[in-house]
Amino acid sequence: MPESTTVQPELEAERNYVTTLYARLDELRAEKVEQLTRTRRTGPQGSIQNVSERDSFAALYEDRLAQLNAVEDKLVFGRLDLDDDVNRDGEEAGAPRYIGRIGMTDDELRRLMVDWRAPEAAAFYQATALHRQGVRRRRHLMLRGRTVLGLDDEVLDTDLFSENDTEHLQGEGALMAALTQKRTGRMGDIVGTIQSEQDAIIRSPLAGVLVVQGGPGTGKTAVALHRAAFLLYEHRERLNSAGVLLVGPSNSFMRYIERVLPSLGETGVVMASVGELYPGIIAVPEQNRESARIKGKAFMAKVMAKAVSNRQRLLAEDRRVVVEGTRLVLTRGAVRHAREKARASRKPHNEAREVFTKTLVRELAEQLQQVLEDSAGNGNAVDRSYLVQEVRESRDVRIALNLCWMPMTPQSLLEELYAKEHLLAAAAPQLNSRELAALHRSPGSPWTESDVPLLDEAAELLGDFKAVGNKDGGAEAQLKRDLENAEATLQNVEEMLFNAGIDGLVEAEDLAAMNQETAARQTAAERAVADRNWAYGHVVVDEAQELSPMQWRLLMRRCPLKSFTVVGDIAQTSSASGASSWAQAMKPFVAERFTLEELTVNYRTPMQIAEAATRVAHAAGLTISTPKAVREGQWPPLVDRLAPGELLSKLHEVMPGEVAIADGGLLAVIVPESRLTQVRAAVQGQFGRRVGSGSGGLSQDIVVLGAREAKGLEFDVVVVIEPQEMIDEVEGSVGDLYVAMTRTTQRLRIMAEGEIPAGIDTEE
């Protein structure tokens, strides 16, 4: 749009100021690069304290440089013109306040730009004409690269109308421009267009459980991400050390959102799909809905406890063992006593095993001593303290103890449970034969997302496998090995150390301590990823309606303080063990102690398409929130009713037109799981390398995927294949279809040889 003569001077002024901000950004980057280079150049020299300080500074400079690099795009996006008495904290009276991704000052500490999360920036999102909060005008800056392309002003003080030409005052231009821009396969932030109801949720207090219900297109994912960034800013000291965990429904979704937090100035959040919540395991989706339903039930916690308890066995009869040629008897009573003592310790299975084995080894050692003394005659006072070790090393004794109390890993426990029906039946008497068969699988099968909380439960019950049976698992033994290795290392490099001028400054203890310090030099996020027992300061859960009770149990364990932001839409529930209400999901873990907020405006989905999706949900008997769509689309949903056998030929016919409508944006073909291979092959045959699929498909401009993978994503054009089959695949739930229909920002086409579900169009 041509720039008016009135707008041009202000546009030039803004361009000059934005140029100043980017120049300052470049200065800060160069400064951090120089500091990092100088720090790295010093090398690992000097005392352990010096090395540790060097590494700490290097990590600090690296983090700051990563932050500065991540905020390059749209560094500044807003400006507030304030009443003269509002400006303070380094701003001149009457000076505009610029709002950006990070805070920035000049060399003399004069403030150039305010971080969007700072209290001083709140008015940018909250001020209205009725409650101005001292704001006279709110200006949105539209940038491409480092250039200001346009301005969008909202005048809140009516006195300004007489002072300024109003030709360029648009109000919601920035928001509408953001809503209608082409999708790229990566989620963009909404930091410049956050609306008032979204901002109130983003800035909610840290403590407690905040549940955000939001229908399609309400920006609930964006709100969750911006809230994570805000909490890290507002509670930096606490959350920097404890960390923030962000959980999403799939790997596709995590790739889709992965750039948002860095663009908001945060790089330390742990991001994981539900299949990655157990260290070392990357689980696949659970294909068997019956299996997913059973594994997700809350009673599976008791099943896992019973499975572990059943591995703490008693003897059917007394057992003879041989120690150094002497026959001893391991009695049923002794085993029962040892088991009671081990259980009374309340330690996890693998750690309580040490109590069990010590008790029985002592019992057998006393028995052996008695036998030896009887054979040598009374009054023999020979030291026989070595007998305990002989008993412990006896092969017969080790076999007997393992039969009664075998150490296990979570993986071995669960794999054996699935493979051996009699063990599963003993642990889960409430399951019938059909349900037992649904859980049966062969050893070596891939771990699924439904297995992850069961593995975590087993790990909690079993404890550390490294601590089993010998001293090698202890920290003290590890330190001893480190010292031995350090001494050998110092002997090997003595000449090198002398030549470096640090002979005599490094001892074995120092070198071992340096090895021990590695974990301490990691960030909270890096340490948290590898530590199943890590307690996060806050957890953000997206698409939370899909989580099973067992998955919630795992997440509650990850955050003992129960500080959560939970976002989702109950109407989109499609998993076999998902929630039908937020109360059902939350009450088992936090009772009534959660706050429910609702997003009421649909920013993404055109009105005609949102109404069609709502009709489908209502026809299925769902009570859903119906957020108001802010814009009417160009097209109503287009429905192709096809004769049997016509689907692929019709798809081939219409796809070029749909791609043209997408016009460089993203087009998704969303299909039932049973048709994925067939439809993907057909579309790839027509468009070749332009077609993506699976978790990596969003890098292409055409993607073929199932409704589950589409959850949380956005596309310009969506083609839905066989909607009734989508419903049938999830046992009559319309959740997947509701999701598929509401992924589009522009156009929806539905194609079916089979039945068209009620509510999709108005022809019935």
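Numbers given to residues run from 1 along each chain, matching the order in which its sequence is written. Local features in a predicted model are, by the rule used here, given only for residues with pLDDT of at least 70; side-chain atom pairs are given and counted only at 80 or more, and totals for whole chains, interfaces and linings are based on all residues. Hydrogens and water molecules were not included; the side-chain quantities draw on all heavy atoms of the structure.

Naming follows an unreviewed UniProt entry, where the protein chain appears as UvrD/REP helicase of Paeniglutamicibacter gangotriensis Lz1y.

Undergrad: I'd like a rundown of the overall build of the protein chain, residues and numbers included.
TA: Only DSSP runs of H or I with at least four residues qualify as helices, and only runs of E with at least two residues qualify as strands; both kinds are numbered from the N terminus onward. Within the protein chain, the regular secondary structure consists of 32 helices and 22 strands. For every residue, the accessible area (1.4 Å probe, protein chains only) is compared with the maximum for its type, and the residue is labelled buried under 20%, exposed over 50%, or partly exposed between those bounds. Looking at the protein chain as a whole, 50% of its 764 residues qualify as buried. Reported accessibility uses the Shrake-Rupley method at a 1.4 Å probe radius. Residues are deemed covered only where the shown protein chains occlude them. Of the roughly 35,100 Å² of accessible surface on the protein chain, a fraction of 50% belongs to carbon and sulfur atoms.

Undergrad: Describe the pattern of salt bridges, listing the residues and the values that go with them.
TA: By salt bridge we mean one thing: a side-chain nitrogen of Lys or Arg within 4 Å of a carboxyl oxygen of Asp or Glu. What the rule picks out here adds up to 55 salt bridges. Between Glu34 and Arg38 there is a salt bridge, with the nearest N and O atoms lying 2.5 Å from each other. In this pair, Glu34 and Arg38 are both assigned in helix α1 (residues 7-41), four residues apart and thus about one turn of the helix distant. In this structure Arg38 comes out as partly exposed when scored by relative accessible area, which is 40%. As a salt-bridge pair, Glu108 and Arg110 come within 2.4 Å of each other at their nearest N and O atoms. Classification of Glu108 as exposed rests on a relative accessible area of 57%.

Undergrad: Describe in detail the UniProt feature "binding site: ATP" (unreviewed entry) in the protein chain, supporting the description with residues and values.
TA: The UniProt feature table records "binding site: ATP" (unreviewed entry) at Gly214, Gly215, Pro216, Gly217, Thr218, Gly219, Lys220 and Thr221. What Gly215 contacts, discounting residues up to four positions off in sequence, is Lys220, Asp569, Gln572, Ser625 and Pro627. Using a relative accessible area of 7% as the deciding quantity, one classes Lys220 as buried. Contacts between residues were defined by any pair of non-hydrogen atoms, one from each residue, lying within 4.5 Å. Filtering out sequence-adjacent residues up to four positions away, Lys220 remains in contact with Gly214, Gly215, Val567, Gly568, Asp569, Gln572 and Leu599. UniProt positions are given in the numbering used here, feature names are shortened, and annotations may be inferred rather than shown by experiment.

Undergrad: Give me the sheet that holds strand β17 (residues 638-641): which residues, what numbers.
TA: Spatial ordering of the open sheet is given by β17-β22-β21-β18-β20-β19, a layout of six strands whose pairing is parallel. Strand pairing shows two members of the sheet lacking a second neighbour, β17 and β19 (691-693), which therefore form its edges. Within the sheet, the average angular offset between the axes of one strand and its neighbour, ignoring direction, is 20 degrees. DSSP bridges decide pairing: two strands pair if at least two such bridges lie between them. Direction of pairing for β19 relative to strand β20 (residues 702-706): parallel, over a ladder of three bridges. From the neighbouring strand, Gly692 faces β20, where its bridge partner is Val703. Against the sheet, helix α28 (residues 647-662) makes contact with β17, β18 (667-671), β20, β21 (715-721) and β22 (744-752), and its axis sits at roughly 170 degrees relative to β22, the strand it touches most. Only the contacting stretch of a helix is used when fitting its axis, a line to C-alpha atoms as for every element, and angles between N-to-C directions run 0 to 180 degrees. Those strands touched by helix α29 (residues 676-687) are β18, β19 and β20, and its axis lies near 175 degrees from that of β20.

Undergrad: Would you mind going over the pairing of β20 in detail, with residue names and values included?
TA: Across the five residues of β20, five count as buried, placing the element largely inside the fold. Judged by which residues are buried, β20 turns out to be covered on both faces: Ile702, Val704 and Gly706 on one side and Val703 and Leu705 on the other are all buried. The sheet contact formed by β18 and β20 spans five bridges and is parallel. Directly across from Ile670, in β20, lies its bridge partner Leu705.

Undergrad: Tell me about the sheet that holds strand β9 (residues 270-273), and please be specific about residues and values.
TA: In space, the six strands of this open sheet follow the order β9-β8-β12-β13-β7-β14, with parallel pairing throughout. Unpaired on one side and paired on the other, β9 and β14 (594-599) mark the two borders of the sheet. Taken pair by pair, the neighbouring strands of this sheet meet at an average axis angle of 15 degrees, ignoring direction. The sheet contact formed by strand β7 (residues 209-214) and β14 spans six bridges and is parallel. For Val212, the partnering residue across the bridge sits in β14 and is Glu597. Relative to the sheet, helix α26 (residues 582-590) contacts β7, β13 (564-568) and β14, its axis offset from that of β14 by approximately 155 degrees.

Undergrad: Report on the packing of helix α12 (residues 332-344) against helix α13 (residues 349-376), specifying residues and quantitative values.
TA: Helix-helix packing is characterised by the crossing angle of the two axes and by the distance between the axes. Direction vectors running N to C along α12 and α13 enclose 145 degrees, while the axes themselves pass 8 Å from each other. In this structure, the crossing between α12 and α13 has a hand that is right-handed. Along the contact surface, α12 presents Ala334, Val335, His337, Ala338, Arg339, Lys341 and Ala342, while α13 presents Ala352, Val355, Phe356, Thr359, Leu360, Arg362 and Glu363. In this classification, the charged set is Asp, Glu, Lys and Arg, the nonpolar set is Ala, Val, Leu, Ile, Met, Phe, Trp, Tyr, Cys and Pro, and all remaining amino acids, among them Gly, are polar. Here the contact of α12 with α13 is built from residues that sort into eight nonpolar, two polar and four charged. A clockwise turn of the near helix away from the far one marks a right-handed crossing, whereas an anticlockwise turn of less than a right angle marks a left-handed crossing.

Undergrad: Outline helix α11 (residues 300-309), listing residues and values.
TA: All buried positions along α11 are accounted for by Met300, Ala301, Val303, Met304, Ala307 and Val308. Buried residues along α11 cover an arc of 160 degrees about the axis, so they all sit on one side. Those residues of α11 hidden inside the fold are in contact with α10 (289-296), α13, α16 (410-419), α17 (421-427), α19 (452-462) and α25 (549-558). Note: the arc covers the axis-to-C-beta directions of the helix.

Undergrad: Describe the nonpolar core, and please don't skip the residues or the numbers.
TA: Ranked by size, the top nonpolar core spans 78 residues in total, and within it Trp116, Ile670, Phe715 and Met741 carry the most contacts. Among the elements that make up this core, the one with the highest residue count is helix α6 (residues 220-234) (nine residues). Remark: nonpolar core denotes a set of buried residues (Ala, Val, Leu, Ile, Met, Phe, Trp, Tyr, Cys) joined through side-chain atoms within 4.5 Å. Within the second largest apolar cluster, 60 residues are counted, among which are Leu277, Leu413, Leu414 and Tyr418.

Undergrad: Give a description of helix α15 (residues 395-404) that names residues and reports values.
TA: Each α-helix turn comprises 3.6 residues. Residues three or four places apart therefore point the same way. Along α15, the residues classified as buried are Val397, Ala400, Leu401 and Cys404. Each buried residue of α15 sits inside an arc of 95 degrees when the element is viewed along its axis, so together they form one side. Summarising the contacts, the buried residues of α15 are in contact with β10 (319-323), β11 (326-330), α12, α13 and α14 (387-393). Pairing of N or O atoms within 3.5 Å defines a polar contact, subject to two protein rules: one partner must be a possible hydrogen donor and the other a possible acceptor, and residues neighboring in sequence count only if both atoms are side-chain atoms. Its side-chain oxygen at 3.4 Å from the backbone nitrogen of Asp396, Ser394 defines the N-terminal cap of α15.

Undergrad: Just give me the short version of the packing of aromatic side chains, but keep the residues and values in it.
TA: Pairing of aromatic rings covers Phe, Tyr and Trp, the last through its six-membered ring, and needs centres within 6.5 Å; plane angles under 30 degrees mean stacked, over 60 mean edge-to-face, and all others mean tilted. Scanning the model with the defined rule gives five aromatic pairs in all. Relative to Tyr125, the ring of Phe124 lies with its centre 5.2 Å away and its plane at 90 degrees, an arrangement referred to as edge-to-face. Given a relative accessible area of 4%, Tyr125 falls into the buried group. Connected via pairs of aromatic rings, a cluster forms that spans Phe77, Phe124 and Tyr125. Only Lys NZ and Arg CZ are tested; either one counts as a charge over a ring when it is within 6 Å of the ring centre and within 35 degrees of the ring normal. Over the face of the ring belonging to Trp635 we find Arg747, whose NZ or CZ atom lies 5.4 Å from the ring centre.

Undergrad: Before we move on, can you summarise unusual backbone geometry with the specific residues and values?
TA: Although it is not a glycine, Lys74 sits at a positive phi angle of roughly 55 degrees. Within the secondary structure, Lys74 sits in the loop between α2 (48-70) and β1 (76-82). Lys74 gets classed as partly exposed once you look at its relative accessible area, which sits at 34%. Positioned with a positive phi, Lys562 is a non-glycine residue whose angle comes to about 55 degrees. Within the fold, Lys562 resides in the loop between α25 and β13. For Lys562, a relative accessible area of 28% translates into the label partly exposed.

Undergrad: So what about the packing of α19 against α25? Which residues, and what values?
TA: Closest axis-to-axis distance for the α19/α25 pair is 8 Å, and the angle between their directions is 50 degrees. One way to sum up the angle between α19 and α25 is to call them oblique. Judged by the sense of rotation from one axis to the other, the crossing of α19 with α25 is left-handed. Here Val452, Pro453, Leu454, Asp456, Glu457 and Glu460 of α19 lie close against α25, whose contacting residues are Met550, Gln551, Arg553, Leu554, Arg557 and Arg558. Roughly parallel covers angles under 35 degrees, roughly antiparallel covers those over 145, roughly perpendicular covers 65 to 115, and oblique covers all other angles.

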